[in-house]
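Structural features, examined
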Amino acid sequence: MVCQPQVADPQRAAELLSARLRLAERAQQGTLDEVLQLTLDEAERLTGGAIGFFHFLHEDGRTLSLQSWSRNTVARMCSAEGKGSHYAIDQAGVWVDCVRLGQPVIHNDYEGLAHRRGLPPGHARIMRELLVPVWRGGRIVAILGTGNKPTDYDERDVEAVSQLANLAWDIVLHKRADEALEQQKHDLARAQAVAHVGSWRLDLGDHRLSWSDEVYRIFGRDPEAFAPTLEGFALCIHPEDRERVLAAYRRAVEAGTPYEVVHRVLRPSGEVRVVRERSEEIRDEHGVAIRSLGTVLDITELAGAQEELRALNASLEERVRERTAALEASRSELAHLNEQKNRLLGMAAHDLRNPLAAIQAFAELLEAADLGALTPKQLEVLRRIRSSSEHMLKLVNDLLDISKIEAGRLELERVPQDLVTVTREAVATCQLLASPKRITVELVAADEVPMVSLDRTRIEQVLSNLIGNAIKFSHPGSAVEVSVRRRGSEAQLCVRDHGRGIAPERLSTLFHEFATDGRPGTGGERATGLGLAIARRMVEAHGGRIWVTSDPGAGSCFCVALPLDDRGSRPPSS
């Protein structure tokens, strides 16, 4: 039978009010289980029933869970298990008719119901039952059932049980909210403990100050023995910081200046902690501060680490200053020694040049037979004397160039020049050196190469070195190609040979002073190890660059790139 709640008579209303008051009183101190069980006990008392149960219906609308039995049900009527169990609503018996219909249901002839499914083992025999759904937010959230009243249930019973069920659900919501709030408080306290940050509140009207548990811990105070007040807080501040902190807080309250201050806290044990405090002032409609909400962050370890870092930085800076001073002293000494070395090289080279030139001249004079015929053996000795003197004279000239470059005394007389003409003359000169080895020096030049601002003597020296090296390390009867062309904003000249090439591991140091592997040229020629280093310095002094590519066993290609002079192209060649 489907029933609608009816208005109760005065006596039932009084009984129901008393029951509601008892439930409200129990809700203040009792657990949720105790409140639900008392609700079922009151439902039995008001209706005369002997069995009571309370089920929750989950949000899916399909799953039920048994939350509580009445005390009489547990003690005398039913031994079936099931508290806290979950099961689908379509597996339940006729007592879920109230869910299907969405309103209270009375079964005064339970055993005569055609659609009942039977009872589990240990369950009390059911003769009658009253089932009331609890609605909230447009859905059924719970079912309160009572049964085995000696007489039939009626509308008065429906009214009483409905009011008790709704009150019980209100208490459930309140208890859940309390539990959630307590859990949030617990989580907040744990989070503050983990982060070492506490919170406080000061009501400026009555000067009530409240601290979170973490503030007590940071300040080293016992919540049971210490009542926080503004004056008590001031005593927790280190005496040397106290006036500064209180003045900062007064400015925040009176002038709205942000309150953010780092200060020391003096614990009762004498231990000093370092904290950072912040607060926000809540103001009324007139702009007057009425409340402060603040935080206290324990930064003792951070402050200690920062102090250690400052000390370490100071130590490192001092070591850097000492090392810099030592390096500067070494640099000055090295510069002085290098200057002396360059002066000595210049003097020695200058003093050696004239005797070597004389030796070379005398050897040429004897070799020309102007002083009489010489034997073949004597001519061979003279040839070696002349070759050695030429090598020594080149070495002396190279040393003079190096000493000038390192002393910063290399001067360039740069004027716009026709790089093709300069290169052609260098090729013609070097062809004479190549003739004994039957090597051909070929020039390939573009028709139009703009003028280049350069020191002709120095660039000729670079060309002579590169072409001379190519001849030196080329096989007899081979060819050396020299090319000149424009590449963007640069003039590029390259010298390619087909000799034995250069090992890859030597390429990175090839342009350093004395960078030679000691191997003579293909005709026994010797190298000073300074020519490429001088060429690099001279090219770089022109704002250019020099590089090499090589294929061991197949030859090398040395290239020089010089910035173009934009004042015009070279004149047409005749």
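Let me begin by describing the structure that accompanies this report.

Conventions we followed
Residues numbered from 1 in each chain as written. Predicted model: local features only at pLDDT ≥ 70, side-chain atom pairs only at ≥ 80, totals over all residues. Heavy atoms only, no water. Helix = DSSP H or I, 4+ residues; strand = E, 2+ residues; numbered from the N terminus. Buried < 20%, exposed > 50% of the residue type's maximum accessible area, 1.4 Å probe, protein only. Areas by Shrake-Rupley, 256 points an atom, 1.4 Å probe, with all protein chains shown as cover. Axes fitted to C-alpha atoms, helices over the stretch in contact; angles between N-to-C directions. Left-handed = near helix turned anticlockwise from the far one by under 90°. Contact = heavy atoms within 4.5 Å. Nonpolar A, V, L, I, M, F, W, Y, C, P; charged D, E, K, R; others polar. Pairing = 2+ DSSP bridges. Polar contact = N/O pair within 3.5 Å; in protein donor to acceptor, adjacent residues only side chain to side chain. 1 Å grid on protein atoms, 1.4 Å probe; cavity = no way out; pocket = protein on both sides within 12 Å on 5 of 7 lines; lining within 4 Å. Points joined across faces, edges and corners; volume = space filled by probe spheres on them. Phe/Tyr/Trp six-rings, centres within 6.5 Å; stacked < 30°, edge-to-face > 60°. Salt bridge = Lys/Arg side-chain N within 4 Å of Asp/Glu carboxyl O. Disulfide = S-S within 2.5 Å. Expected span 1.5 Å × (residues − 1). Core = buried A, V, L, I, M, F, W, Y, C linked by side-chain atoms within 4.5 Å.

1. Points about the overall build of the protein
Counting its secondary structure elements, the protein contains 13 helices and 18 strands. Buried residues in the protein amount to 40% of all 574 residues. With an accessible surface of roughly 31,500 Å², the protein has 54% of that area assigned to carbon and sulfur atoms.

2. Let's talk about the packing of helix α12 (residues 456–472) against helix α13 (residues 531–541)
Packing of α12 against α13 brings their axes to within 10 Å, and their N-to-C directions diverge by 145 degrees. The crossing of α12 and α13 is left-handed. Packed against α12, whose contacting residues are Arg 458, Gln 461, Val 462, Asn 465, Leu 466 and Asn 469, the element α13 presents Gly 531, Leu 532, Ile 534, Ala 535, Met 538 and Val 539 at the interface. Of the residues belonging to the contact of α12 with α13, the class tally is seven nonpolar, four polar and one charged.

3. What about the sheet that holds strand β8 (residues 208–211)?
Across the sheet, five strands lie side by side as β8-β7-β11-β10-β9; this open sheet has antiparallel pairing. Each edge of the open sheet is held by one strand with a lone partner, namely β8 and β9 (259–266). The average undirected angle you get between the axes of adjacent strands in this sheet is 25 degrees. Here eight bridges tie β9 to strand β10 (residues 272–283), and the two strands are oriented antiparallel to one another. Bridge pairing in β10 links Tyr 259 to Ser 279. Contacting β7 (197–203), β9, β10 and β11 (289–298), helix α8 (residues 242–255) crosses the sheet at an angle of about 150 degrees to β9.

4. What to know about the environment of Asp 206
Among the secondary structure elements, Asp 206 is positioned in the loop between β7 and β8. Take Asp 206: its relative accessible area is 43%, and that puts it in the partly exposed class. Here Arg 208 takes part through its side chain, which lies 2.6 Å from a polar atom of the side chain of Asp 206.

5. Remarks on empty space enclosed by the protein
Summed over all chains, the structure comprises one cavity of 30 Å³ or more. Taken as a whole, the largest cavity holds about 120 Å³ of empty space. The wall of the largest cavity is formed by Trp 200, Leu 202, Leu 209, Trp 211, Phe 219, Leu 230, Phe 233, Leu 246, Tyr 249, Tyr 259, Glu 277 and Val 296. Secondary-structure elements contributing two or more residues to the lining of the largest cavity are β7, β8, α7 (230–236) and α8.

6. A short note on the packing of aromatic side chains
Applying the stated criterion across every chain yields a total of ten aromatic pairs. Between the aromatic rings of Phe 511 and Phe 558, the centroid separation amounts to 6.2 Å while the plane-to-plane angle is 80 degrees, which identifies the pairing as edge-to-face. Here Phe 558 lies in strand β18 (residues 555–563) and Phe 511 lies in the loop between β16 (490–496) and α13, a separation of 47 residues in the sequence. Of the residues examined, Phe 511 reaches a relative accessible area of 10% and is grouped as buried. Taken together, the ring pairs connect Trp 211, Tyr 216, Phe 219, Phe 226 and Phe 233 into an aromatic cluster.

7. A word on the pattern of salt bridges
Overall, the coordinates contain 29 salt bridges when judged by the stated rule. The residue Arg 100 makes a salt bridge to Asp 97 at a minimum N-O spacing of 2.8 Å. One end of the pair, Arg 100, and the other, Asp 97, are both in helix α4 (residues 97–101), three residues apart, so they sit about a helical turn from each other. With its nearest N and O atoms 3.5 Å apart, the salt bridge here joins Asp 203 to Arg 208.

8. Some points on the state of the cysteines
The term disulfide refers to a covalent linkage connecting the sulfur atoms of a pair of cysteines. Tallied over the entire structure, the rule returns one disulfide. Here Cys 494 is linked by a disulfide to Cys 559, with a sulfur-sulfur distance of 2.2 Å. Taking the torsion about the S-S bond as the criterion, the Cys 494 to Cys 559 disulfide, at about 110 degrees, is right-handed. Placement of the pair is Cys 494 in strand β16 and Cys 559 in strand β18, with a sequence separation of 65 residues. Note on accessibility: Cys 494 and Cys 559 belong to one class, buried.

9. Notes on unusual backbone geometry
One non-glycine residue, Asn 148, lies in the positive phi region at around 65 degrees. The topology assignment puts Asn 148 in the loop between β6 (139–147) and α5 (155–195). Using a relative accessible area of 7% as the deciding quantity, one classes Asn 148 as buried. Positive phi outside glycine occurs at His 207, with the angle close to 60 degrees. With respect to the helices, strands and loops of the structure, His 207 is situated in the loop between β7 and β8. Since its relative accessible area comes to 46%, His 207 is described here as partly exposed.

10. What about helix α2 (residues 32–47)?
Taking 1.5 Å per residue, 16 residues should reach 22 Å; α2 reaches 23 Å between its end C-alpha atoms and fits that length. Burial runs high along α2: twelve of the 16 residues are buried. Buried residues of α2: Leu 32, Val 35, Leu 36, Leu 38, Thr 39, Leu 40, Asp 41, Glu 42, Ala 43, Glu 44, Leu 46 and Thr 47, and no others. Once α2 ends, the next one or two residues include Gly 48, with phi positive near 85 degrees.

11. Some remarks on the pairing of β18
Counting buried positions along β18 yields eight of nine residues, so the element is predominantly enclosed. Both β16 and β18 contribute to a ladder of seven bridges, which runs antiparallel. Directly across from Val 495, in β18, lies its bridge partner Phe 558. Here strand β17 (residues 545–551) pairs with β18 via seven bridges, running antiparallel. Paired with Val 548 across the bridge in β18 is Phe 558. If you look at the hairpin formed by β17 and β18, you'll find three residues sitting between the two strands, and Gly 553 has a positive phi there, around 90 degrees.

12. Overview of the environment of Leu 64
Residue position: Leu 64 is located in strand β2 (residues 63–69). C-alpha separation for the pair Leu 64 and Gln 91, spaced 27 residues apart in sequence, amounts to 9.9 Å.

13. Details of the nonpolar core
Formed by 40 residues in total, the largest nonpolar core has its most connected members in Leu 419, Val 441, Leu 466, Ile 467, Phe 558 and Val 560. With near-sequence residues (within four places) excluded, Ile 467 lies in contact with Ala 426, Val 427, Cys 430, Val 441, Val 482 and Val 495. Leu 130, Val 141, Leu 144 and Ile 171 belong to the second-largest nonpolar core, a separate cluster that totals 31 residues.

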